[in-house]
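Below, each chain spelled out in residue letters.
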Amino acid sequence: MATVAQSESLPSRRSTDPRIAAAIELGWRVAALHALRPSTLAPPPPADELLVNRRGLGAEDRLELELRAIAGVAQRVGVALGDDELEALLDLVPAAAGSQAGEDRFRLELAGAHVALAKRLWAADEAHGRAYELGNFLSDTWNRVLRPRTAADSHGELLELFAPARVQRMKVLLDDLQTRLDPAAVHVVENHLDAWRSRVARLPASAAGRAGPAPTRDELAARYEPVERQTIIWRQILTGDKEPEAYIDHDRRGQVRDELLRQLWRRYRHFWWVLPIVAVLGGGIGYLLARESSAAGAIIGTVTAVGGMLGVTRASMAATVKRGLQNWGELMWNRSLAAVICRETLVVDQLVDKLLPARAGDGRSATRGAGGGRWRRPPRGDEEVSSPRTRSRP
């Protein structure tokens, strides 16, 4: 666990605005509930055997729980659902849990509530409206794989989800919100989106699967599970539910130092010729000062006096240089940290491994997504996912 001293030693970084985080979560929850199919929920176990959690609730209790959770998040954002609006939706829950017609009507009313929430958010603060829309996009990236809306199957829907136009829209939302989001989270998600767009577009036709009976929902969920995991990662780091640093263990944080050295080399290697010049100039000045010490003392005294008249002192100059070096160091460190986290949390290659099983001797059996060997699948529905927030520096 990170100690207080370790946490304080990590360079500071702006955190996500709490209301922006809540708006993203609200958009996520509304989209997830709209995609939920009560008929696919397993019946709860007998109450006398064990206490059921959120995922084990029956259809009626689950729908009510999700609605009340949405109402709570909406209140935190500042656009609370009215009592009459919430009660109207809750009144539809029994029918939605019991029949397809009731489910369709519930979904239609929820879509109306979604539009009403979006209007209020955009009217109250455009940033909240954009964050809500971003939450919709993130949640639907997984929801639509299980229930295709624009394509004939999940593979075709996957191509639509990571089409250039949709990816660009999500990146525009991230850019519009960049001053109110964790900059490391924005960097990670934007780079991930580019990687997914590129990798999914190159999937061969064989990735769609073999001809035969249509796969069940559970089979689709297992086949495309890395998509779900990736969207959960994006939501967690954007909302601050999980610090980006928590995705890398202590041993892998040593990679941040290596990445920092690589970035420094790439950035400044072209200016190596400056070092000999500085060394020659410094040596020449030092030699002159040592040889003509009396004249040098007079010059230094004059410069110091003039600087003092202008309000420039040695202490202020030292403080300015120190502050500039500190800001530069924090910037380079956070960039290096974001680069490592980006690699460690990208799981698109794990999807490729599932869609294109390796044949013996073809060399693909070792293909893994970054961090693939360390991942544990979070509970489906991810709101139960929790991890310690660590900010320790290696």
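Each chain has its residues counted from 1, following the order in which its sequence is written. In keeping with the model being predicted, local features are shown solely for residues with a pLDDT of at least 70 and side-chain atom pairs are shown and tallied solely at 80 or more, while totals for entire chains, interfaces and linings include all residues. Hydrogens and water molecules were not included; the side-chain quantities draw on all heavy atoms of the structure.

Before going further, it helps to spend a moment on the overall build of the chain. The secondary structure content of the chain amounts to 17 helices and 0 strands. Evaluated residue by residue, the chain yields a buried proportion of 41% over its 394 residues. Contacts were defined at the residue level, with two residues in contact if any of their heavy atoms lie within 4.5 Å. Partitioning the intrachain contacts of the chain with sequence separation of at least 6 by distance along the chain shows that 77% fall at a separation of at least 24. For every accessible area listed, the method is Shrake-Rupley and the probe measures 1.4 Å; residues are considered covered only by the protein chains on display. Counting only carbon and sulfur atoms, one obtains 58% of the accessible surface of the chain, whose full area is about 21200 Å². In this description a helix means any DSSP run of H or I spanning at least four residues, a strand means any run of E spanning at least two, and both kinds are numbered starting from the N terminus. Think of it in three bands: residues with accessible area under 20% of the maximum for their type are buried, residues over 50% are exposed, and the middle band is partly exposed, with areas taken using a 1.4 Å probe on protein chains only.

Turning our attention to the packing of aromatic side chains. Stacked, tilted and edge-to-face are the three classes assigned to paired rings of Phe, Tyr and Trp, where Trp is represented by its six-membered ring and a pair needs centres within 6.5 Å; plane angles under 30 degrees give stacked, over 60 edge-to-face, the rest tilted. Across all of its chains, the model carries 1 aromatic pair by this definition. Considering the side-chain rings of Phe162 and Trp196, the 5.0 Å spacing of their centres and the 20 degrees angle between planes classify their relative orientation as stacked. Of this pair, Phe162 sits in the loop between helix 8 (154-161) and helix 9 (164-176) while Trp196 sits in helix 10 (residues 183-201), placing them 34 residues apart in sequence. There is no split in this pair, since Phe162 and Trp196 are both buried. By definition, being over a ring means that NZ of Lys or CZ of Arg is both within 6 Å of the ring centre and within 35 degrees of the ring normal. Over the ring of Trp28 we find Arg235; its NZ or CZ atom is 5.3 Å from the centre of that ring.

Moving on, we get to the confidence of the model for the chain. Per-chain confidence: the chain averages 77 in pLDDT, with 64% of residues scoring 70 or above. Values of pLDDT, which run from 0 to 100, indicate the predictor's confidence residue by residue. For the chain, the element scoring lowest by mean pLDDT is helix 1 (residues 4-9), at 41; helix 9 scores highest, at 96. Low pLDDT, under 50, characterises residues 1-10; the predicted model gives this stretch 13 contacts beyond four residues in sequence or across chains. Under a pLDDT of 50 for its full length, residues 359-394 has, in the predicted model, 88 contacts with residues more than four places off or in other chains.

Here we take up a negative patch on the surface. A contiguous patch of negative charge on the surface is contributed by Asp83, Asp84, Glu87 and Asp91. Looking at the secondary structure, you find Glu87 in helix 4 (residues 83-91). Each patch is assembled from residues with relative accessible area greater than 30% and no salt bridge, linking like charges that lie within 9 Å and nonpolar side chains (Val, Leu, Ile, Met, Phe, Trp, Tyr) that lie within 5 Å. Each reported salt bridge corresponds to a side-chain nitrogen of Lys or Arg within 4 Å of a carboxyl oxygen of Asp or Glu. Counted as positive: Lys and Arg. Counted as negative: Asp and Glu. His and the chain ends are not counted at all. Positions of charges follow a simple convention, taking NZ of Lys, CZ of Arg, CG of Asp or CD of Glu.

The next subject is the pattern of salt bridges. With the rule as written, the count across this model stands at 22 salt bridges. The residue Arg29 makes a salt bridge to Glu25 at a minimum N-O spacing of 3.1 Å. Of this pair, Arg29 and Glu25 both sit in helix 2 (residues 18-35), 4 residues apart, which is roughly one turn of that helix. Here Arg62 ties to Glu66 by a salt bridge, and the two come within 2.8 Å at their closest N and O atoms.

With that out of the way, let us pick up helix 12 (residues 225-239). Take the residue count of a helix, subtract one, and multiply by 1.5 Å to get its expected span. For helix 12, with 15 residues, the first-to-last C-alpha span of 21 Å sits near the 21 Å given by 1.5 Å per residue. Extensive coverage of helix 12 is indicated by the burial of 15 of its 15 residues. In the segment just after helix 12, Gly240 is the residue with positive phi, at about 85 degrees.

Ranked by internal contacts, the top residues of the largest apolar core, which has 80 residues, are Leu26, Leu67, Phe106, Leu158, Trp196, Tyr224 and Leu238. When sequence neighbours within four positions are dropped, the list of residues in contact with Tyr224 reads Trp142, Val145, Ser154, His155, Leu158, Leu351 and Leu355. The nonpolar core is taken to be a set of buried Ala, Val, Leu, Ile, Met, Phe, Trp, Tyr and Cys residues, with the residues joined through side-chain atoms within 4.5 Å.

A separate point is the packing of helix 2 against helix 3 (residues 59-77). Axes, fitted as lines to C-alpha atoms, cover a helix only where it is in contact. Angles between the N-to-C directions of the axes lie from 0 to 180 degrees. The interhelical angle for the contact between helix 2 and helix 3, taken along N-to-C directions, is 155 degrees, at an axis separation of 9 Å. If you check the angle between helix 2 and helix 3, you find them roughly antiparallel. Relative to helix 3, helix 2 is oriented so that their crossing is left-handed. Across the interface between the two elements, Arg19, Ala22, Ala23, Glu25, Leu26, Arg29, Val30 and Leu33 from helix 2 touch Leu63, Glu66, Leu67, Ala69, Ile70, Val73, Ala74, Arg76 and Val77 from helix 3. Oblique is the label for any angle not under 35 degrees, not over 145, and not in the 65 to 115 range, which are roughly parallel, roughly antiparallel and roughly perpendicular in turn. It is the rotation of the near helix from the far one that decides the hand of a crossing: anticlockwise by less than a right angle makes it left-handed, clockwise makes it right-handed.

Time to look at the environment of Ala185. Within the secondary structure, Ala185 sits in helix 10. Ala185 gets classed as buried once you look at its relative accessible area, which sits at 0%. Taking the C-alpha atoms as reference points, Ala185 and Arg235, 50 residues apart in sequence, are found 9.5 Å from one another. Among all residues touching Ala185, those that are not within four sequence positions of it are Ile237 and Leu238.

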